[in-house]
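Report on the structure
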Amino acid sequence: MIKTIALVIVAALALLLIYAATRPDSFRVERSTRIQAPPEKIYALIHDLKGFNRWNPYEKKDPAIKGQYSAVTAGAGARYGWESDKVGVGSMEITEVAAPSRVAMKLDFVKPFEAHNQVEFRLRPEGGATQVSWAMQGPSPFVSKLIGVFISMDRMIGQDFEDGLANLKSLVEQH
């Protein structure tokens, strides 16, 4: 009986590992919102990392976060690194800008797990408003695929993006 139970457990684990291995090798999460303001006003709060951190949902998750800006805080080459017990350790760097419609960033995490992702913000004018999208994509190593069997990366990160875009919308539309 114990051998049968052990074999069933081993078989279930093997199936789980095989299934995880078939998951996609990369991921993409994207959310968007409409903000009642011109793109230039919104762009200023994305391409400048000090402005970005005024609405960044991860900064709001840990008021004790320890962050450090590079000498340049806006535009291509601007960098920000952080250490936090709640949101981990990592850094971001603005890699490309196209005012006032696009900002691209490199996002590197060290803890709680190592990850290297690309982030992109797109701003598209629509009448007197702007459609703002926030996307992140990156590789999915095997451990991420295994975790993804149980936890939806899209739902988890997507909720943070939705919160951040709501913070940005509130900040922009109040002023």
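The following paragraphs examine the structure supplied in this document. Worth saying up front: this structure is predicted, and the values here are computed from it rather than measured.

This brings us to the nonpolar core. Within the largest apolar cluster, 35 residues are counted, with the highest numbers of intra-cluster contacts made by I42, W55, M105, F121 and L168. Aside from chain neighbours lying at most four places away, what touches F121 is I46, F52, W55, S101, R102, V103, M105, S133 and W134.

Let us now look at the pattern of salt bridges. Under the definition given, this model contains 13 salt bridges. In this structure, E126 engages R124 in a salt bridge whose closest nitrogen and oxygen atoms are separated by 2.6 Å. Residue class for E126 comes out partly exposed when judged on its relative accessible area of 23%. Linked by salt bridges that have partners in common, R79, E93, K106 and D108 make up one network.

All right, on to the side chain of E59 then. Its place among the elements puts E59 in helix α4 (residues 57-61). Of the side chains with opposite charge, K60 lies nearest to the buried E59, which makes no salt bridge, at 8.9 Å. Engagement of the side chain of E59 in a polar contact is seen with the side chain of Y80, the distance being 2.7 Å. Residues within four places of E59 in sequence aside, it is in contact with N53, I65 and Y80.

Following both chains from N to C, one finds helix α1 (residues 2-21) and helix α5 (residues 142-150) inclined at 110°, their axes separated by 8 Å at the closest point. The angle between α1 and α5 falls in the class roughly perpendicular. The handedness of the crossing between α1 and α5 comes out as right-handed. From α1, L16, L17, Y19, A20 and A21 reach across to α5, where they touch F142, K145, L146, V149 and F150.

In terms of residue burial, strand β5 (residues 102-111) counts as a mostly covered element, since 7 of its 10 residues are buried. The pairing of strand β4 (residues 88-98) with β5 spans 9 bridges and is classified as antiparallel. Bridge pairing in β5 places M92 opposite L107. Hairpin connection between β4 and β5: a loop of 3 residues separates the two successive antiparallel strands. Following β5, the chain reverses through 3 residues before pairing antiparallel with strand β6 (residues 115-126).

Here we take up the packing of aromatic side chains. Taken as a whole and judged by the stated rule, the model has 11 aromatic pairs. Look at W55 and F121: their rings are 6.0 Å apart centre to centre, the planes differ by 85°, and that puts the pair in the edge-to-face class. Of this pair, W55 sits in the loop between α3 (49-52) and α4 while F121 is found in strand β6, placing the two residues 66 residues apart along the sequence. In this structure, W55 and F121 share a single accessibility class: buried. On the numbers, 4.0 Å between centres and 10° between planes, the contact of W134 with F161 is stacked. On the criterion of sequence distance, the pair formed by W134 in strand β7 (residues 129-139) and F161 in helix α6 (residues 153-174) is long-range, its members being 27 residues apart. Each of the two residues, W134 as well as F161, counts as buried. Through a chain of ring-to-ring contacts, the aromatic side chains of F52, W55, F121, W134 and F161 assemble into a single cluster. Residue placement shows K50 over the ring face of Y69; its charged tip is 5.5 Å from the ring centre.

As a further point, take the sheet that holds β7. Read across the sheet, 7 strands follow the order β1-β7-β6-β5-β4-β3-β2 without closing on themselves; strand pairing throughout is antiparallel. The sheet is open, and its two edges are formed by β1 (26-35) and β2 (66-69), each paired on a single side. When the angles between neighbouring strand axes are averaged without regard to direction, this sheet yields 15°. Across 9 bridges, β6 lies against β7 in antiparallel orientation. Bridge assignment links L123 to a residue of β7, and that residue is V132. Most of the contacts of α6 go to β1, to which it runs at about 25°, and overall it touches β1 and β7.

Thresholds, definitions, all that
Residues numbered from 1 in each chain as written. Predicted model: local features only at pLDDT ≥ 70, side-chain atom pairs only at ≥ 80, totals over all residues. Heavy atoms only, no water. Core = buried A, V, L, I, M, F, W, Y, C linked by side-chain atoms within 4.5 Å. Buried < 20%, exposed > 50% of the residue type's maximum accessible area, 1.4 Å probe, protein only. Contact = heavy atoms within 4.5 Å. Salt bridge = Lys/Arg side-chain N within 4 Å of Asp/Glu carboxyl O. Helix = DSSP H or I, 4+ residues; strand = E, 2+ residues; numbered from the N terminus. Lys, Arg positive; Asp, Glu negative; His and termini not counted. Polar contact = N/O pair within 3.5 Å; in protein donor to acceptor, adjacent residues only side chain to side chain. Axes fitted to C-alpha atoms, helices over the stretch in contact; angles between N-to-C directions. Parallel < 35°, antiparallel > 145°, perpendicular 65-115°, else oblique. Left-handed = near helix turned anticlockwise from the far one by under 90°. Pairing = 2+ DSSP bridges. Phe/Tyr/Trp six-rings, centres within 6.5 Å; stacked < 30°, edge-to-face > 60°. Lys NZ or Arg CZ within 6 Å of the ring centre and 35° of its normal.

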